[in-house]
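Each chain, written out:
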Amino acid sequence: MIRPRTIGASVILAAALTFGVSPGLALAVDPPVATGNVLLDPAARSLNLSGVQNARDAGGYRTADGHVVRTGLVFRTAALGSATTADIASLAAHNVVSVHDLRTGYEQLLAGADKIPAGATEHHDDVLGGLSPLSGLSTASSAANAYPQFITAPGANAGFADVIRDIAYNNGGVLFHCTAGKDRTGWAGAVLLTLLGVDKDTVYYDFMLSSYYRNAAAGDVNNGVTTAELDSAFAQANTTYGSFANYVSNGLGLTAADIAALKAKMLA
């Protein structure tokens, strides 16, 4: 096994976000309780990939002002290194032309490169890579410690903004993922849906679906997610920038034109 010479905070933190159950297991847990703005049940939302966990359509929600987030345009998954030939064919059939890998370089080295449809563009948006060994994260032991860093880590804003801008301006399907498809991917999904005007309860429903698709019992942060984790990310955005709107404009650097383009593409 190849090992990095120095294990910094980003490596330690990524380890808390990495491992989980294998894909293909029968699901024994119940999905979260759907809100009235959920338009797809978990079975209809799933991409049904045999080698990739937590693979699903990011659309299929009604916004607070009555629009619908279009399906078939944005997808979120776990890492694609174990994708089967049939999985790749399915992604190609969904017109996935752009793949954003939110993992650290260490995770890519450890788990291997993505398998993606022929001709798709790969983006490496390492949202934890800017952390130094002295950043105070060297004792991170759970994913809960990571969520505030999705706002404050050097490089995090640029990485998440890259995903949102690509969704806004790309004519094809865009897929984003980390290793487990639940934490960094979960924050990217929450940001996307919030920008589109989906209500908070429905945003949290989408976030908590990761526990269902990963067959994680309540409170299992190794395989699943908790509402407290997402709370901590939104709270950090408010603490650092004063509001979520300021996080979007001053942190992510997204303009009014970017948001308008995102909504024009994604809302019906």
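The shown structure was predicted, so the numbers you read here are calculated from the model rather than taken from an experiment.

Chemist: Any chance you could explain the side chain of lysine 265 here in plain terms?
Modeler: Tracing the backbone shows lysine 265 in helix α11 (residues 256–266). No salt bridge is formed by the buried lysine 265; the nearest opposite charge belongs to aspartate 166, separated by 6.8 Å. In this structure, lysine 265 is in contact with Arg70, Leu73, Asp166, Ile167, Ala168, Asn170, Gly172 and Val174, ignoring residues within four places of it in sequence.

Chemist: When you look at unusual backbone geometry in this model, what are you seeing that I'm missing?
Modeler: Most peptide bonds take the trans configuration, and most residues that are not glycine carry a negative phi. For asparagine 48, which is not a glycine, the phi torsion comes out positive at approximately 55°. Mapped onto the fold, asparagine 48 is located in the loop between α2 (42–45) and β1 (56–57). Classification of asparagine 48 by relative accessible area gives exposed; the value is 62%. Look at asparagine 215: it is not a glycine, yet its phi comes out positive at around 60°. Assessed through its relative accessible area of 22%, asparagine 215 is described here as partly exposed.

Chemist: I tried to follow the packing of aromatic side chains on my own but got confused; where do I start?
Modeler: We describe a pair of aromatic rings using the distance from one ring centre to the other and the angle between the two ring planes. For the structure shown, the criterion picks out 11 aromatic pairs. On the basis of an interplanar angle of 65° and a centroid distance of 6.1 Å, the ring pair of phenylalanine 150 and phenylalanine 160 is categorised as edge-to-face. Of this pair, phenylalanine 150 sits in helix α5 (residues 149–152) while phenylalanine 160 sits in helix α6 (residues 156–169); the two residues are 10 residues apart in sequence, bridging distant segments of the chain. Take phenylalanine 150 and phenylalanine 160: they sit in the same class, and that class is buried. Arranged with centres 6.2 Å apart and planes meeting at 20°, the rings of tyrosine 204 and phenylalanine 234 form a pair that is stacked. Taken together, the positions of tyrosine 204 in helix α8 (residues 200–213) and phenylalanine 234 in helix α9 (residues 227–241) put the pair 30 residues apart, joining distant regions of the chain. Of the two residues examined, tyrosine 204 and phenylalanine 234, each falls in the buried class. Of the aromatic side chains, those joined through ring pairs into one cluster are Trp187, Tyr204, Phe234, Tyr241, Phe244 and Tyr247.

Chemist: Help me understand the pairing of strand β4 (residues 121–124), please; the structure alone is not making it clear to me.
Modeler: If a strand is regular, its side chains alternate between the two faces of the sheet. Looking at chain direction, strand β3 (residues 96–101) and β4 are connected through 4 bridges and run parallel. In the strand pairing of β4, valine 99 is matched with glutamate 122.

Chemist: Can you help me understand the sheet that holds β1 in this one?
Modeler: Within a sheet, each strand pairs with its neighbour through backbone hydrogen bonds, oriented either parallel or antiparallel. Strands sit in the order β1-β2-β5-β3-β4 across an open sheet of 5 strands; the sheet is mixed. Either end of the sheet is taken by a strand with one partner, and the two such strands are β1 and β4.

The rules behind the values
- Residues numbered from 1 in each chain as written.
- Predicted model: local features only at pLDDT ≥ 70, side-chain atom pairs only at ≥ 80, totals over all residues.
- Heavy atoms only, no water.
- Helix = DSSP H or I, 4+ residues; strand = E, 2+ residues; numbered from the N terminus.
- Buried < 20%, exposed > 50% of the residue type's maximum accessible area, 1.4 Å probe, protein only.
- Lys, Arg positive; Asp, Glu negative; His and termini not counted.
- Salt bridge = Lys/Arg side-chain N within 4 Å of Asp/Glu carboxyl O.
- Contact = heavy atoms within 4.5 Å.
- Phe/Tyr/Trp six-rings, centres within 6.5 Å; stacked < 30°, edge-to-face > 60°.
- Pairing = 2+ DSSP bridges.

Scope: geometric values only; no functional claims are made or implied.
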